[in-house]
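For reference, the chains in residue letters:
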Amino acid sequence: MTAPLTCAQIAIVKATAPAFKQHGETITSLFYKNLLAANPGLRNVFNEANQIGGAQPRALASAVFAYATYVDDLEKLGAAVERIAHKHASLHVQPEHYPIVGKFLLEAVATVLGDACTSEVVDAWTAAYACLADIFIGREQQIYVAFENWTGWRRFKIREKVAESTEITSFYLTPEDGVALPQYLPGQYISLQLYIPKLGLRQPRQYSLSDAPGSPHYRISVKRETGKQVGIQGLISNMLHDELNEGDVIELTHPTGEFFVRMEEETPIVLISAGVGITPMISILNSAIAAGSSRRLSFIHGAHGSEVRAFADTLKRASRNPNIQTITFLSTLKGNEIEGIDCDFEGRVNLDRVTPQRLFAEDPTTQYYVCGPTSFMTDIQQYLLSHDVSQDRIHVEVFGVGN
């Protein structure tokens, strides 16, 4: 066990926080460049598109700055640590990876900060990194223990492909070894790994499980990604859509994730999603129905148009349950489509158009689950906070590296 930081080391780490805010992305970009050059095998762990687009260095820079800021009050980082630990577990990160990462991160800090990186700063940050690594290693070990007999990558066959919309296709996946699948909590995800010939690498991606647990298969529902943001198309999503067929083999890790709903609870829940963010919400919805839950549930979803809206029939069937309400928004209506018939509202998701009764606003125990594009989630969070919903009742699923 690493010794706790001294008061002097904490003071130095906090004093260097502004430097990380100013130079953080330069430090982390250099870190990834040197780390992956010296350890090319780790390129199979990191998302290549996030490296090319700079999302990974930005996310790490933000995380390091947050750690430096709250190194003396780590409870404020509890949610972030939990999310990252589950992501690490989904990628099968091991304790021996941490010294490698620490070496190259601290070297990058010294290079970028130059003379400002005194021996005292190096000592403080070496100790701080060791403490943080211990936190992650300990939490990840707990997650791995919960995985029981399945750690690492496991081979699955694609049993069936089903188009849910023009953009989203569902994949029904059965384990090649025939061993029964473990249960998971509705809202959790798996990591999926494919070999990408043009990169000469294996690449992992995370996909929410999109159905209730308890089946002899897992289902994921994948959106075809154009890659407009980084100038590179969705490597994995396009392979799944275009190249992989029923009977082909992929690799998955054990379901995990900190975004979930426990079906035994009775508090009202409001699910708010946009686009492919519907996938974990469908898992939660189907689980509530399968469990015969009487808890009140509102499902609010937005899509660009009817042709890209997935699971429309699922929502229609769900709305027949007396305790479930569904509210749909379509940004654009086409042809003979009519507001109030083909969707509830035309336009983007706007909670001002949803009655307080359908948001269960009168109940201070209501839990709100949000998933979709980053800007959408930010807007929804701000709306809820401005309407007296406390942060601890707002649960957000972050696709990608987050921030």
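Everything below is about the structure printed above this text.
(A) Expanded view of the overall build of the protein. From N to C terminus, the protein includes eleven helices and twelve strands. Since a compact globule built from 403 residues should have a radius of gyration of about 22 Å, the 22 Å found for the protein is in line with a globular shape. If one aligns the C-alpha atoms of the protein with their principal axes, the spans along those axes are about 70 × 50 × 40 Å. The 403 residues of the protein split such that 49% are buried. The long-range share in the protein, meaning contacts at least 24 apart out of those at least 6 apart in sequence, stands at 74%. Of the accessible surface of the protein, which amounts to about 18,900 Å², a share of 52% is contributed by carbon and sulfur atoms. Charged side chains in the protein number 34 positive and 44 negative. The centres of these two groups are separated by 5 Å.

(B) Fine view of the sheet that holds strand 7 (residues 269-274). Strand order in this open sheet of six strands is 10-9-8-7-11-12, and the pairing throughout is parallel. In this open sheet, the two edge strands, each paired with only one partner strand, are strand 10 (345-346) and strand 12 (394-397). Of the pairings in the sheet, the one linking strand 9 (residues 324-330) to strand 10 comprises two bridges and is parallel in character. Opposite Leu330, over in strand 10, you have Glu346 as the bridge partner. Strands strand 7, strand 8 (297-303), strand 9 and strand 11 (367-371) of the sheet are contacted by helix 9 (residues 278-290), whose axis makes an angle of about 150° with strand 7.

(C) Examining the pattern of salt bridges more closely. Applying the stated criterion to the full structure yields 15 salt bridges. Glu362 is the partner of Arg296 in a salt bridge, and the nearest nitrogen-oxygen pair spans 3.1 Å. Note that Arg296 is positioned in the loop between helix 9 and strand 8 and Glu362 in the loop between strand 10 and strand 11, a separation of 66 residues in sequence.

(D) Region of interest: the environment of Ser62. As for its placement among the helices and strands, Ser62 is situated in helix 4 (residues 55-69). For Ser62, a relative accessible area of 30% corresponds to the partly exposed category.

(E) Here's a closer look at the side chain of Gln56. With respect to the element layout, Gln56 can be found in helix 4. The class for Gln56 is buried, based on a relative accessible area of 15%. At a separation of 3.5 Å, a polar atom in the side chain of Gln56 contacts the side chain of Tyr32.

(F) Expanded view of the nonpolar core. Core analysis: the biggest nonpolar cluster contains 42 residues, and Val13, Ile27, Phe31, Tyr67 and Trp125 have the highest contact counts within it. Those elements that place two or more of their residues in this core are helix 2 (17-38), helix 4, helix 5 (78-90), helix 6 (97-113) and helix 7 (119-147). The greatest single-element share of this core, amounting to 13 residues, is contributed by helix 7. In this structure, Tyr67 is in contact with Leu74, Leu77, Trp125, Ala128, Cys131 and Leu132, ignoring residues within four places of it in sequence. By size, the runner-up hydrophobic cluster in this structure holds 23 residues, among which are Trp150, Leu194, Leu244 and Ile250.

(G) Representation of helix 4. In this model helix 4 runs 21 Å from its N-terminal to its C-terminal C-alpha over 15 residues, within 8% of the 21 Å that 1.5 Å per residue would give. Within helix 4, the full set of buried residues consists of Gln56, Pro57, Ala59, Leu60, Ala61, Val64, Tyr67 and Ala68. Considering only its buried residues, helix 4 is in contact with helix 1 (7-15), helix 2, helix 3 (48-53) and helix 7.

(H) Summary view of the packing of helix 4 against helix 7. It is at 12 Å that the axes of helix 4 and helix 7 come closest, and there the two elements cross at 105°. Looking at the two axes, helix 4 sits roughly perpendicular to helix 7. Residues Val64, Tyr67 and Ala68 of helix 4 form the contact with helix 7, whose own contacting residues are Trp125, Ala128, Cys131 and Leu132. Its residues assigned to classes, the contact of helix 4 with helix 7 comprises seven nonpolar, no polar and no charged.

Procedures and definitions
- Every chain begins its residue count from 1, and numbering advances along the sequence as written.
- Only residues with pLDDT of at least 70 get local features here, since the model is predicted, and only at 80 or more are side-chain atom pairs given and counted; chain-wide, interface and lining totals rely on the full set of residues.
- The side-chain values count all of the structure's non-hydrogen atoms but skip hydrogen atoms and water molecules.
- A helix here means a DSSP run of H or I that spans at least four residues, while a strand means a run of E at least two residues long, and both kinds are numbered starting from the N terminus.
- Each radius of gyration reported is based on C-alpha atoms, and the globular scaling rule is 2.2 Å times the count of residues to the power 0.38.
- When a residue's accessible area, from a 1.4 Å probe over protein chains only, is under 20% of the maximum for its type it is buried; when over 50% it is exposed; and in between it is partly exposed.
- Whether two residues are in contact is decided by their heavy atoms: any pair within 4.5 Å suffices.
- Note on areas: these come from Shrake-Rupley sampling with a 1.4 Å probe, and a residue is covered only by the protein chains present in the view.
- In this charge count, Lys and Arg are treated as positive and Asp and Glu as negative; neither His nor the chain ends contribute.
- Charge positions are represented by NZ for Lys, CZ for Arg, CG for Asp and CD for Glu.
- Pairing between two strands requires that DSSP report at least two bridges joining them.
- All axes are obtained by fitting lines to C-alpha atoms, using only the stretch in contact for helices, and the reported angles, taken between N-to-C directions, cover 0 to 180 degrees.
- Think of a salt bridge as a Lys or Arg side-chain nitrogen and an Asp or Glu carboxyl oxygen that are within 4 Å of each other.
- Two N or O atoms form a polar contact when they lie within 3.5 Å of each other; inside protein one atom must be a possible hydrogen donor and the other a possible acceptor, and for residues adjacent in sequence the pair counts only when both atoms belong to side chains.
- We call a set of buried residues a nonpolar core when its members are Ala, Val, Leu, Ile, Met, Phe, Trp, Tyr or Cys and they connect through side-chain atoms within 4.5 Å of each other.
- Between the first and last residue of a helix there are one fewer steps than residues, each counted as 1.5 Å, and that sum is the expected span.
- Throughout this description, any angle smaller than 35 degrees is read as roughly parallel, any larger than 145 degrees as roughly antiparallel, any in the 65 to 115 degree range as roughly perpendicular, and the remainder as oblique.
- Polar here means any residue outside two lists: the nonpolar Ala, Val, Leu, Ile, Met, Phe, Trp, Tyr, Cys and Pro, and the charged Asp, Glu, Lys and Arg; Gly therefore counts as polar.

Don't take any of this as a statement about function, it's just geometry.
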